Amino acid sequence: MDLRIFTEPQQGATYDTLLTVAKATEDLGFDAFFRSDHYLRMGSVDGLPGPTDAWITLAGLARETKRIRLGTLMTAGTFRLPGVLAIQVAQVDQMSGGRVELGLGAGWFEEEHKAYGIPFPKEKFARLEEQLEIVTGLWGTGLGKTYDFHGTYYDLTDSPALPKPAQAKIPVLVGGHGATRTPRLAAKYADEFNIPFASIEDTERQFGRVRAAAEEAGRSGDDLIYSNALVVCVGRDDAEVARRAAAIGREADELKLNGLAGSPAEVVDKIGRYAETGASRIYLQILDLDDLDHLELISSQVQSQLS
(Lines give C-alpha, C1' and ligand atoms only; values in the text may rest on other atoms or scores of the structure.)
Protein backbone atom coordinates (compact mmCIF):
# COMPACT_ATOMS: atom_id res chain seq x y z
CA MET A 1 0.00 0.00 0.00
CA ASP A 2 1.46 3.36 -1.08
CA LEU A 3 0.73 6.23 1.28
CA ARG A 4 0.74 9.71 -0.22
CA ILE A 5 0.34 13.06 1.51
CA PHE A 6 -2.51 15.20 0.20
CA THR A 7 -2.87 18.86 1.21
CA GLU A 8 -5.61 21.49 0.88
CA PRO A 9 -3.66 24.78 0.75
CA GLN A 10 -6.72 26.91 -0.04
CA GLN A 11 -7.63 26.48 3.63
CA GLY A 12 -4.60 28.59 4.55
CA ALA A 13 -0.95 27.90 3.71
CA THR A 14 2.06 29.72 2.34
CA TYR A 15 4.45 28.22 -0.17
CA ASP A 16 7.02 27.93 2.63
CA THR A 17 4.59 25.84 4.68
CA LEU A 18 3.95 23.56 1.71
CA LEU A 19 7.68 23.24 1.12
CA THR A 20 8.20 22.20 4.75
CA VAL A 21 5.47 19.56 4.47
CA ALA A 22 6.81 18.30 1.13
CA LYS A 23 10.32 17.93 2.55
CA ALA A 24 8.91 16.07 5.56
CA THR A 25 6.95 13.88 3.15
CA GLU A 26 10.19 12.96 1.42
CA ASP A 27 12.27 12.55 4.57
CA LEU A 28 9.67 10.32 6.25
CA GLY A 29 9.46 7.89 3.35
CA PHE A 30 6.04 8.69 1.93
CA ASP A 31 5.51 8.05 -1.77
CA ALA A 32 4.25 11.44 -2.96
CA PHE A 33 3.10 14.96 -2.15
CA PHE A 34 -0.15 16.04 -3.78
CA ARG A 35 -2.22 19.16 -3.41
CA SER A 36 -5.68 20.38 -4.32
CA ASP A 37 -6.26 22.95 -7.05
CA HIS A 38 -8.50 25.61 -5.51
CA TYR A 39 -8.42 29.39 -5.18
CA LEU A 40 -10.99 29.90 -2.41
CA ARG A 41 -11.19 28.55 1.12
CA MET A 42 -14.06 26.31 2.12
CA GLY A 43 -15.97 26.33 5.39
CA SER A 44 -15.39 28.62 8.36
CA VAL A 45 -11.59 29.02 8.09
CA ASP A 46 -10.20 32.41 7.08
CA GLY A 47 -7.90 30.97 4.40
CA LEU A 48 -5.10 33.39 5.27
CA PRO A 49 -2.73 34.38 3.82
CA GLY A 50 -4.61 33.47 0.62
CA PRO A 51 -4.43 30.92 -2.17
CA THR A 52 -1.38 29.53 -3.91
CA ASP A 53 -1.47 28.21 -7.47
CA ALA A 54 -1.15 24.43 -7.75
CA TRP A 55 1.24 24.23 -10.68
CA ILE A 56 3.41 27.15 -9.57
CA THR A 57 3.70 25.42 -6.20
CA LEU A 58 4.62 22.10 -7.80
CA ALA A 59 7.20 23.79 -10.02
CA GLY A 60 8.92 25.14 -6.93
CA LEU A 61 8.74 21.79 -5.14
CA ALA A 62 10.12 20.06 -8.23
CA ARG A 63 13.40 21.91 -7.68
CA GLU A 64 13.40 21.48 -3.90
CA THR A 65 12.77 17.72 -3.66
CA LYS A 66 14.52 14.71 -5.12
CA ARG A 67 12.44 11.54 -4.77
CA ILE A 68 8.73 12.01 -4.10
CA ARG A 69 6.12 12.08 -6.83
CA LEU A 70 4.27 15.40 -7.23
CA GLY A 71 0.73 16.00 -8.46
CA THR A 72 -2.80 17.30 -8.12
CA LEU A 73 -6.09 15.97 -6.82
CA MET A 74 -7.57 17.34 -9.02
CA THR A 75 -6.55 20.11 -11.39
CA ALA A 76 -9.75 21.92 -12.31
CA GLY A 77 -10.42 21.75 -16.02
CA THR A 78 -12.14 25.14 -15.84
CA PHE A 79 -8.94 26.90 -14.72
CA ARG A 80 -6.68 26.31 -17.72
CA LEU A 81 -6.90 25.80 -21.46
CA PRO A 82 -5.81 22.22 -22.22
CA GLY A 83 -2.97 23.21 -24.54
CA VAL A 84 -1.54 25.55 -21.91
CA LEU A 85 -2.00 22.91 -19.20
CA ALA A 86 -0.08 20.37 -21.29
CA ILE A 87 2.83 22.80 -21.54
CA GLN A 88 2.76 23.63 -17.81
CA VAL A 89 2.67 20.02 -16.65
CA ALA A 90 5.33 18.90 -19.12
CA GLN A 91 7.62 21.71 -17.95
CA VAL A 92 7.16 20.83 -14.28
CA ASP A 93 7.84 17.20 -15.17
CA GLN A 94 11.12 18.25 -16.75
CA MET A 95 11.95 20.39 -13.71
CA SER A 96 11.36 17.42 -11.40
CA GLY A 97 13.31 14.90 -13.47
CA GLY A 98 10.15 12.98 -14.34
CA ARG A 99 8.19 12.83 -11.06
CA VAL A 100 4.90 14.50 -11.98
CA GLU A 101 1.38 13.06 -12.14
CA LEU A 102 -1.72 14.86 -13.38
CA GLY A 103 -5.08 14.49 -11.73
CA LEU A 104 -7.61 16.24 -13.96
CA GLY A 105 -11.24 16.90 -13.09
CA ALA A 106 -14.12 18.93 -14.44
CA GLY A 107 -14.11 21.65 -11.76
CA TRP A 108 -17.08 22.13 -9.44
CA PHE A 109 -16.67 25.02 -6.96
CA GLU A 110 -18.67 27.83 -8.53
CA GLU A 111 -17.94 30.38 -5.79
CA GLU A 112 -14.20 30.40 -6.46
CA HIS A 113 -14.86 31.03 -10.14
CA LYS A 114 -17.03 34.03 -9.26
CA ALA A 115 -14.44 35.29 -6.76
CA TYR A 116 -11.63 35.36 -9.34
CA GLY A 117 -13.48 36.00 -12.59
CA ILE A 118 -13.07 32.50 -14.00
CA PRO A 119 -15.82 31.37 -16.42
CA PHE A 120 -17.92 28.54 -15.01
CA PRO A 121 -19.52 26.74 -17.98
CA LYS A 122 -22.68 24.71 -17.63
CA GLU A 123 -21.35 21.73 -19.59
CA LYS A 124 -18.16 20.79 -17.78
CA PHE A 125 -17.97 17.02 -18.25
CA ALA A 126 -17.91 17.08 -22.06
CA ARG A 127 -15.22 19.74 -21.83
CA LEU A 128 -13.23 17.50 -19.51
CA GLU A 129 -13.32 14.68 -22.05
CA GLU A 130 -11.92 16.98 -24.74
CA GLN A 131 -9.29 18.27 -22.31
CA LEU A 132 -8.12 14.74 -21.53
CA GLU A 133 -7.99 13.92 -25.23
CA ILE A 134 -5.96 17.06 -25.98
CA VAL A 135 -3.49 16.86 -23.11
CA THR A 136 -2.69 13.19 -23.66
CA GLY A 137 -2.72 13.69 -27.44
CA LEU A 138 -0.20 16.51 -27.29
CA TRP A 139 2.15 14.51 -25.09
CA GLY A 140 1.77 11.43 -27.26
CA THR A 141 2.50 13.14 -30.58
CA GLY A 142 5.86 12.15 -32.03
CA LEU A 143 8.69 14.65 -32.31
CA GLY A 144 8.60 16.43 -35.64
CA LYS A 145 4.89 15.75 -36.05
CA THR A 146 1.97 18.08 -35.43
CA TYR A 147 -1.26 17.63 -33.53
CA ASP A 148 -4.74 18.67 -34.60
CA PHE A 149 -8.00 18.51 -32.69
CA HIS A 150 -11.36 19.88 -33.74
CA GLY A 151 -13.97 19.45 -31.04
CA THR A 152 -17.04 21.20 -29.70
CA TYR A 153 -15.14 23.31 -27.18
CA TYR A 154 -11.50 23.37 -28.34
CA ASP A 155 -9.78 23.67 -31.70
CA LEU A 156 -6.06 23.04 -32.23
CA THR A 157 -4.39 23.27 -35.64
CA ASP A 158 -0.81 22.35 -36.53
CA SER A 159 0.36 22.31 -32.90
CA PRO A 160 4.03 21.31 -32.59
CA ALA A 161 2.95 19.46 -29.44
CA LEU A 162 5.91 20.74 -27.45
CA PRO A 163 7.46 20.59 -24.94
CA LYS A 164 7.62 16.89 -24.16
CA PRO A 165 7.61 15.63 -20.55
CA ALA A 166 10.66 13.95 -19.07
CA GLN A 167 8.63 10.78 -18.56
CA ALA A 168 7.65 8.66 -21.52
CA LYS A 169 4.11 8.93 -20.16
CA ILE A 170 2.91 11.18 -17.37
CA PRO A 171 0.44 9.20 -15.24
CA VAL A 172 -3.09 10.60 -15.54
CA LEU A 173 -5.59 10.33 -12.69
CA VAL A 174 -9.34 10.48 -13.15
CA GLY A 175 -11.66 10.25 -10.18
CA GLY A 176 -15.07 10.75 -8.69
CA HIS A 177 -18.32 9.12 -7.68
CA GLY A 178 -20.21 9.26 -10.99
CA ALA A 179 -21.72 5.92 -11.92
CA THR A 180 -21.51 6.03 -15.72
CA ARG A 181 -19.52 8.78 -17.40
CA THR A 182 -16.72 8.87 -14.83
CA PRO A 183 -15.84 5.15 -15.17
CA ARG A 184 -15.97 5.50 -18.95
CA LEU A 185 -13.52 8.42 -18.91
CA ALA A 186 -11.22 6.57 -16.53
CA ALA A 187 -11.28 3.50 -18.75
CA LYS A 188 -10.32 5.58 -21.78
CA TYR A 189 -7.71 7.96 -20.39
CA ALA A 190 -6.58 7.11 -16.87
CA ASP A 191 -3.60 5.30 -15.46
CA GLU A 192 -5.14 5.61 -12.00
CA PHE A 193 -8.69 5.90 -10.71
CA ASN A 194 -9.24 7.76 -7.44
CA ILE A 195 -12.37 7.91 -5.35
CA PRO A 196 -12.38 10.69 -2.75
CA PHE A 197 -13.89 10.45 0.73
CA ALA A 198 -15.89 7.29 0.12
CA SER A 199 -16.96 4.46 2.38
CA ILE A 200 -15.54 0.98 1.92
CA GLU A 201 -18.85 -0.12 0.41
CA ASP A 202 -19.02 2.78 -2.05
CA THR A 203 -15.36 2.29 -2.93
CA GLU A 204 -15.91 -1.36 -3.79
CA ARG A 205 -18.94 -0.50 -5.91
CA GLN A 206 -17.17 2.27 -7.84
CA PHE A 207 -14.01 0.26 -8.43
CA GLY A 208 -16.21 -2.46 -9.88
CA ARG A 209 -17.79 0.01 -12.29
CA VAL A 210 -14.38 1.21 -13.45
CA ARG A 211 -13.12 -2.33 -13.95
CA ALA A 212 -16.22 -3.15 -16.00
CA ALA A 213 -15.79 0.01 -18.09
CA ALA A 214 -12.15 -0.86 -18.72
CA GLU A 215 -13.10 -4.33 -19.93
CA GLU A 216 -15.73 -2.83 -22.23
CA ALA A 217 -13.07 -0.48 -23.61
CA GLY A 218 -10.74 -3.38 -24.36
CA ARG A 219 -8.45 -2.90 -21.38
CA SER A 220 -7.84 -5.19 -18.47
CA GLY A 221 -9.31 -3.86 -15.26
CA ASP A 222 -5.89 -4.47 -13.71
CA ASP A 223 -4.32 -1.92 -16.08
CA LEU A 224 -5.39 0.84 -13.69
CA ILE A 225 -4.20 1.69 -10.20
CA TYR A 226 -7.10 2.11 -7.76
CA SER A 227 -6.81 4.63 -4.94
CA ASN A 228 -8.71 6.45 -2.21
CA ALA A 229 -8.38 9.93 -0.74
CA LEU A 230 -9.30 10.00 2.95
CA VAL A 231 -8.90 12.45 5.81
CA VAL A 232 -6.46 11.15 8.41
CA CYS A 233 -6.26 11.77 12.14
CA VAL A 234 -3.97 9.46 14.12
CA GLY A 235 -3.07 9.62 17.79
CA ARG A 236 -1.19 7.52 20.29
CA ASP A 237 -4.25 7.61 22.57
CA ASP A 238 -7.83 8.90 22.55
CA ALA A 239 -6.81 12.28 23.92
CA GLU A 240 -4.32 12.85 21.11
CA VAL A 241 -6.88 11.81 18.50
CA ALA A 242 -9.42 14.20 20.02
CA ARG A 243 -6.88 17.03 20.09
CA ARG A 244 -5.98 16.54 16.45
CA ALA A 245 -9.64 16.28 15.44
CA ALA A 246 -10.47 19.52 17.26
CA ALA A 247 -7.57 21.28 15.54
CA ILE A 248 -9.24 20.69 12.16
CA GLY A 249 -12.78 21.41 13.38
CA ARG A 250 -13.95 17.80 13.39
CA GLU A 251 -15.12 15.20 15.91
CA ALA A 252 -13.08 12.07 16.51
CA ASP A 253 -16.05 9.70 16.21
CA GLU A 254 -17.11 11.28 12.91
CA LEU A 255 -13.57 10.98 11.55
CA LYS A 256 -13.43 7.33 12.55
CA LEU A 257 -16.62 6.75 10.59
CA ASN A 258 -15.75 8.79 7.51
CA GLY A 259 -11.97 8.70 7.37
CA LEU A 260 -8.87 7.12 8.83
CA ALA A 261 -8.84 8.03 12.50
CA GLY A 262 -7.85 6.53 15.81
CA SER A 263 -4.81 4.69 17.05
CA PRO A 264 -2.19 3.45 14.58
CA ALA A 265 -3.60 -0.06 14.95
CA GLU A 266 -7.13 1.13 14.16
CA VAL A 267 -5.94 3.03 11.08
CA VAL A 268 -3.86 0.11 9.81
CA ASP A 269 -6.88 -2.16 10.20
CA LYS A 270 -9.14 0.18 8.25
CA ILE A 271 -6.55 0.64 5.50
CA GLY A 272 -6.51 -3.12 5.21
CA ARG A 273 -10.26 -3.11 4.61
CA TYR A 274 -9.80 -0.60 1.79
CA ALA A 275 -7.03 -2.79 0.37
CA GLU A 276 -9.54 -5.64 0.16
CA THR A 277 -11.60 -3.54 -2.29
CA GLY A 278 -8.59 -3.32 -4.63
CA ALA A 279 -7.06 -0.06 -3.41
CA SER A 280 -3.27 -0.06 -3.57
CA ARG A 281 -2.72 3.63 -2.82
CA ILE A 282 -4.20 6.06 -0.31
CA TYR A 283 -3.93 9.83 -0.34
CA LEU A 284 -3.91 10.96 3.30
CA GLN A 285 -5.65 14.31 3.53
CA ILE A 286 -3.62 16.37 6.01
CA LEU A 287 -5.51 19.45 7.13
CA ASP A 288 -3.24 20.74 9.93
CA LEU A 289 -0.07 21.50 7.99
CA ASP A 290 1.79 22.73 11.07
CA ASP A 291 1.52 19.37 12.86
CA LEU A 292 4.63 17.63 11.54
CA ASP A 293 4.57 15.27 14.51
CA HIS A 294 1.40 13.82 12.97
CA LEU A 295 3.32 12.93 9.81
CA GLU A 296 6.11 11.37 11.85
CA LEU A 297 3.63 9.23 13.80
CA ILE A 298 1.94 8.04 10.62
CA SER A 299 5.31 7.21 9.10
CA SER A 300 6.69 5.35 12.10
CA GLN A 301 3.58 3.52 13.29
CA VAL A 302 1.23 3.23 10.30
CA GLN A 303 3.32 3.22 7.15
CA SER A 304 5.91 0.95 8.76
CA GLN A 305 3.24 -1.75 9.24
CA LEU A 306 2.10 -1.52 5.62
CA SER A 307 5.52 -1.76 3.97
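Residues numbered from 1 in each chain as written. Predicted model: local features only at pLDDT ≥ 70, side-chain atom pairs only at ≥ 80, totals over all residues. Heavy atoms only, no water.

**Brief notes about unusual backbone geometry**
The phi torsion of most residues other than glycine is negative, and most of the peptide bonds are trans. This is how the line gets drawn: The helix count covers DSSP runs of H or I at least four residues long, the strand count covers runs of E at least two residues long, and both are numbered beginning at the N terminus.
Residues Leu 48 and Pro 49 are joined by a peptide bond in cis, for which omega reads 10 degrees. At Asp 158, a position not held by glycine, the phi torsion is positive, near 55 degrees. Following the sequence through the fold, Asp 158 ends up in strand E7 (residues 155-159). Residues other than glycine seldom take positive phi values, yet Ala 161 does so here, at roughly 55 degrees. When you line up the elements, Ala 161 lands in the loop between E7 and strand E8 (172-175).

**Concerning the pairing of strand E6 (residues 147-150)**
The condition that has to hold: Residue exposure (1.4 Å probe, protein chains only): buried if accessible area is under 20% of the type maximum, exposed if over 50%, otherwise partly exposed. For two strands to be treated as a pair, DSSP must find at least two bridges joining them.
Here E6 shows one buried face, formed by Tyr 147 and Phe 149, and one open face, formed by Asp 148 and His 150. With three bridges joining them, E6 and E7 adopt antiparallel strand pairing. Across the sheet, Phe 149 pairs through a bridge with Leu 156, a residue of E7. The turn joining E6 and E7, which pair antiparallel and follow one another in sequence, is formed by four residues.

**A look at the packing of helix H1 (residues 15-27) against helix H2 (residues 54-64)**
For the record, the criterion: Fitted lines through C-alpha atoms serve as axes, helices being fitted only where they are in contact, and the angles separating the N-to-C directions of these axes extend from 0 to 180 degrees. Any angle from 65 to 115 degrees is called roughly perpendicular, while one under 35 is roughly parallel, one over 145 is roughly antiparallel, and all others are oblique. Each crossing gets its hand from how the near helix is turned against the far one by less than a right angle, where anticlockwise is left-handed and clockwise is right-handed. Contacts are assigned to residue pairs that have any heavy atoms within 4.5 Å of one another. When residues are grouped by polarity, Ala, Val, Leu, Ile, Met, Phe, Trp, Tyr, Cys and Pro land in nonpolar, Asp, Glu, Lys and Arg in charged, and all others, Gly among them, in polar.
One way to put it is that H1 packs onto H2 with a least axis distance of 10 Å and a crossing angle of 45 degrees. The pairing of H1 with H2 is recorded here as oblique in orientation. Classified by chirality, the crossing of H2 by H1 is right-handed. Residues Tyr 15, Leu 18, Leu 19, Ala 22 and Lys 23 of H1 pack against Thr 57, Gly 60, Leu 61 and Glu 64 of H2. Taken together, the residues that form the contact of H1 with H2 break down as five nonpolar, two polar and two charged.

**Some remarks on the packing of aromatic side chains**
The line we're drawing: Here is the rule: rings of Phe, Tyr and Trp (six-membered ring for Trp) pair when centre to centre is within 6.5 Å. Planes less than 30 degrees apart are stacked, more than 60 are edge-to-face, and the remainder are tilted.
With the rule as written, the count across this model stands at six aromatic pairs. Between Phe 34 and Tyr 283, the ring centres sit 5.0 Å apart and the planes meet at 70 degrees, which makes this aromatic pair edge-to-face. Taken together, the residues span a long stretch of sequence, with Phe 34 in strand E2 (residues 32-35) and Tyr 283 in strand E12 (residues 281-286) at a distance of 249 residues. Accessibility assignment for this pair places Phe 34 and Tyr 283 in one class, buried. Ring geometry for Phe 193 versus Phe 207: centroids 6.3 Å apart, planes at 85 degrees, classification edge-to-face. You can see Phe 193 sitting in strand E9 (residues 192-196) and its partner Phe 207 sitting in helix H7 (residues 200-216), a full 14 residues away along the chain. A relative accessible area of 1% means that Phe 207 is categorised as buried. Three or more aromatic residues joined by ring pairs make a cluster, and in this case those are Tyr 39, Phe 79 and Tyr 116.

**Notes on the side chain of Asp 37**
Condition: Counting of polar contacts relies on pairs of N or O atoms within 3.5 Å, with two restrictions inside protein: one atom must be capable of donating a hydrogen and the other of accepting it, and residues adjacent in sequence are counted only when both atoms are side-chain atoms.
Among the structural elements, Asp 37 can be located in the loop between E2 and H2. Residue Asp 37 is classed as buried on the basis of its relative accessible area of 1%. Side-chain polar atoms of Asp 37 contact the side chain of Arg 80, separated by 2.8 Å. If we skip the residues at most four places from it in the chain, Asp 37 touches Ala 54, Leu 73, Met 74, Thr 75, Ala 76, Phe 79 and Arg 80.

**Thoughts on helix H8 (residues 238-247)**
Our working definition: Working definition: the arc comes from the directions between the helix axis and the C-beta atoms, pointing outward to the latter.
Glu 240, Val 241, Arg 244 and Ala 245 are the residues of H8 that are buried. Summarising the axial view, the buried residues of H8 lie within an arc of 135 degrees, below the 170-degree limit, and thus occupy one face. Opposite the packed face of H8, turned more than 90 degrees from it, sit the exposed residues Asp 238, Ala 239, Ala 246 and Ala 247. Considering only its buried residues, H8 is in contact with strand E10 (225-234), helix H9 (252-258), strand E11 (260-262) and helix H11 (292-306). One or two positions beyond H8, positive phi appears at Gly 249, with a value near 70 degrees.

**Details of the environment of Ala 187**
As for its position among the elements, Ala 187 is in helix H6 (residues 181-189). Taking C-alpha positions, Ala 187 is 8.2 Å from Leu 224, a pair spaced 37 residues apart along the chain. Beyond its immediate stretch of four places on either side in the chain, Ala 187 contacts Ala 213, Ala 214, Ala 217 and Arg 219.

**What about the nonpolar core?**
This is how the line gets drawn: Residues enter a nonpolar core if they are buried and are Ala, Val, Leu, Ile, Met, Phe, Trp, Tyr or Cys, with the set joined through side-chain atoms within 4.5 Å.
Core analysis: the largest hydrophobic core is formed by 74 residues, its most contacted members being Trp 55, Leu 102, Trp 139, Leu 260, Leu 284 and Val 302. The greatest single-element share of this core, amounting to seven residues, is contributed by helix H5 (residues 125-140). Not counting residues up to four positions away in its chain, the partners in contact with Trp 55 are Thr 72, Thr 75, Arg 80, Leu 85, Val 89, Val 92, Val 100, Glu 101 and Leu 102. Counting eight residues, the second-largest nonpolar core is a separate cluster that includes Cys 233, Val 241, Ile 248 and Ala 261.

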